[in-house]
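Now for the letters of each chain:
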Amino acid sequence: EQLVWDLAIWLFVSGVVGARGWYVLQYHQRLFAGKTSLLDRLRAAVDISSGGLVLYGGVGLALVAVVVFARRNREQCSQLKLIDLIVPSFFLALSFGRLGCLMNGCCWGDACQLPWAISFPHGSVPFNSLAARGFLHADAPATFGLHPSQIYSSFNGLVLCLVPSTIFRNSTRPGQTVAVALVVYPVTRFLLEVLRGDELGQFGTGLTISQWFSLVLLSIGIVFSVWLFRQPMSDPPPHRVES
């Protein structure tokens, strides 16, 4: 039990630091605009009161933290089993986190004319960004209809929590849950990015930075899956005998 609590602290700290670090790296020009002193830049880098966390940055550093934690506690747990254990919880947290994105107004969707389209009020994060891009008049009362991409992502996180949970209970290899997550999540994230309007294409393409990272993560997931399923199969989980 103490091991799990210790791991939770590691994951929380590394997740926040990684998510903020990715944001600072990606938006450093806008974040540090007009700030010349080192102290002002440091304040801007750590000030998350107005938002500024990127999921993939948190995931990346959290994975590093898990590996380091498992190595430090190798007598009590294995790396793959430990990551298998936390994968469903990660997706559950993602599901709730995306509802936070909805309330904050970040990660908004592209234009939408479907019945479930949502709009954000004047002065909100989506409104200010769309107005700056010239898609809205500055005096408009609200944005036009947008895809509720945050809700899509929340539902996706819930489904991805249930699927790895089932696999974890019936897996025959440590790492099987991780393998599924590394393949399925980047595919769903890539597709969800198509419906988002907050990010622009990168590297001279129409793909967002998250889509590029999804392709990298998918490649890693495929390579890892091939390696994993070439390993000897462990004993199957015992079947319960009803009395």
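See the structure shown above.
On a predicted model such as this, the values are computed, not experimentally measured, just so you know.

## What to know about the pattern of salt bridges
This structure, assessed with the given rule, holds three salt bridges. Its salt-bridge partner being E193, residue R196 comes within 3.2 Å of it at the nearest N-O pair. A relative accessible area of 10% places R196 in the buried class. Exposure remark for E193: the relative accessible area of 4% places this residue in the buried category. D198 is the partner of R196 in a salt bridge, and the nearest nitrogen-oxygen pair spans 2.7 Å. Neither R196 nor D198 differs from the other in exposure class; each is buried. One connected set of salt bridges, linked through shared partners, spans R189, E193, R196 and D198.

## As for the packing of aromatic side chains
Applying the stated rule across the entire model yields five aromatic pairs. Between the aromatic rings of F90 and Y185, the centroid separation amounts to 6.5 Å while the plane-to-plane angle is 85°, which identifies the pairing as edge-to-face. Taken as a pair, F90 in helix α5 (residues 79-104) and Y185 in helix α8 (residues 176-194) lie far apart in primary sequence, 95 residues in all. We classify F90 as partly exposed; its relative accessible area is 30%. The buried category is assigned to Y185, whose relative accessible area is 6%. Taken together through their ring pairs, the aromatic side chains of F90, F91 and Y185 make up a single cluster.

Procedures and definitions
- Residues numbered from 1 in each chain as written.
- Predicted model: local features only at pLDDT ≥ 70, side-chain atom pairs only at ≥ 80, totals over all residues.
- Heavy atoms only, no water.
- Salt bridge = Lys/Arg side-chain N within 4 Å of Asp/Glu carboxyl O.
- Buried < 20%, exposed > 50% of the residue type's maximum accessible area, 1.4 Å probe, protein only.
- Phe/Tyr/Trp six-rings, centres within 6.5 Å; stacked < 30°, edge-to-face > 60°.
- Helix = DSSP H or I, 4+ residues; strand = E, 2+ residues; numbered from the N terminus.

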